[in-house]
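Notes for the structure review
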Amino acid sequence: MNPRFAGIGMTSRRTRERMIARLREQGVAHPDVLRVMLETPRHLFVEEALASRAYEDTALPIGFNQTISQPYIVARMTELLLESGPLDKVLEVGTGSGYQTAILAQLVKRVYSVERIYPLQQRARQHLQELQLRNVRFKHSDGGWGWEEYAPYDAILAAAAPSEIPETLLAQMARRSVMIIPVGQGDRQILKRVTRNESGFRVEDIEPVNFVPFLPGIL
Ligand code: SAH
């Protein structure tokens, strides 16, 4: 393995093992999610100056006023998605650093990831290439439009919080599918799970969260 991927000291496997132990204490139980997070070098997805903090349970800046999501929230959202069974096509809104994308790519068949800030998207694309994760397509776009071309999706994961669930995303959900999305403004956001089946949509509140806002347009 490339030594930069393996990491040393605060970016080593030992540090990742401690992160996994913490995730377990926080209630994350899905063995595949824990395994993939143990194997994936999260430190590659943050600036080098912050690499030693990559495995702390905190969000870190990735530029352009955005953050890489904290490990707990990545684990929790992925676990919630996988609860509905094996997934073929997953739409991710808000690629950001690409860390969540990399975790998903190892657990589902195909990931379609949309990001509105072009330089972030480019960087994420590069990291996924380095890790040889090839089952991901990226699009520079406002995720409020979803990604019509490949719809419908078995699952949708949003990493930015709109004030209401966008209708377009609901419309791109397959007959049997799930969407995990933070909803609300400022510090009053709730992570929601939308389940779609033959009889319609069901929305459940999961837990309070703190995401960056879901913004319109592209940069
Ligand atoms: N899971 C990512 C989270 C990144 S933060 C990570 O761990 O790195 C959320 C991202 O959503 C930001 O990069 C932001 O630019 C993006 N975003 C916000 N609103 C968006 C929209 N309407 N369409 C696409 N991306 C959006």
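Throughout what follows, the structure given in this document is the object of discussion. (Residues numbered from 1 in each chain as written. Predicted model: local features only at pLDDT ≥ 70, side-chain atom pairs only at ≥ 80, totals over all residues. Heavy atoms only, no water.)

Okay, the site of the ligand next. Neighbouring the ligand are 23 residues; Ser97, Glu115, Asp142, Gly143 and Leu215 lie closest to it. Between serine 69 and the ligand, the recorded distance is 2.9 Å, taken from a backbone N or O atom to an oxygen atom. In this structure, an oxygen atom belonging to the ligand sits 2.7 Å away from a side-chain N or O atom of serine 97. When the ligand sits alone it has 580 Å² of accessible area, and the protein chains cover 99% of it. Judged by the fraction of its atoms near the pocket grid, the ligand is located in the largest pocket. Looking at the shell around the ligand, the elements with two or more residues in it are strand S2 (66-68), strand S4 (110-115) and strand S11 (212-213). Per-class residue counts for the shell around the ligand are 10 nonpolar, 10 polar and 3 charged. (Near = heavy atom within 4 Å. Polar contact = N/O pair within 3.5 Å; in protein donor to acceptor, adjacent residues only side chain to side chain. Areas by Shrake-Rupley, 256 points an atom, 1.4 Å probe, with all protein chains shown as cover. 1 Å grid on protein atoms, 1.4 Å probe; cavity = no way out; pocket = protein on both sides within 12 Å on 5 of 7 lines; lining within 4 Å. Sits in = over half its atoms within 2 Å of the grid points. Helix = DSSP H or I, 4+ residues; strand = E, 2+ residues; numbered from the N terminus. Nonpolar A, V, L, I, M, F, W, Y, C, P; charged D, E, K, R; others polar.)

Counting through the fold element by element, glutamine 100 comes out in helix H5 (residues 99-105). Only 2.9 Å separates the side chain of glutamine 100 from the side chain of threonine 78, close enough to count as a polar contact.

Proline 152 follows alanine 151 through a cis peptide bond whose omega is 0 degrees. With respect to the helices and strands, proline 152 occurs in the loop between strand S5 (136-140) and strand S6 (153-158). One non-glycine residue, phenylalanine 64, lies in positive phi territory at about 55 degrees. The class for phenylalanine 64 is partly exposed, based on a relative accessible area of 43%. Not every positive phi belongs to a glycine, and asparagine 65 is a case in point at roughly 65 degrees. Considering the arrangement of structural elements, one finds asparagine 65 in the loop between strand S1 (60-63) and S2. (Buried < 20%, exposed > 50% of the residue type's maximum accessible area, 1.4 Å probe, protein only.)

Any functional reading would require information that these geometric values do not contain.
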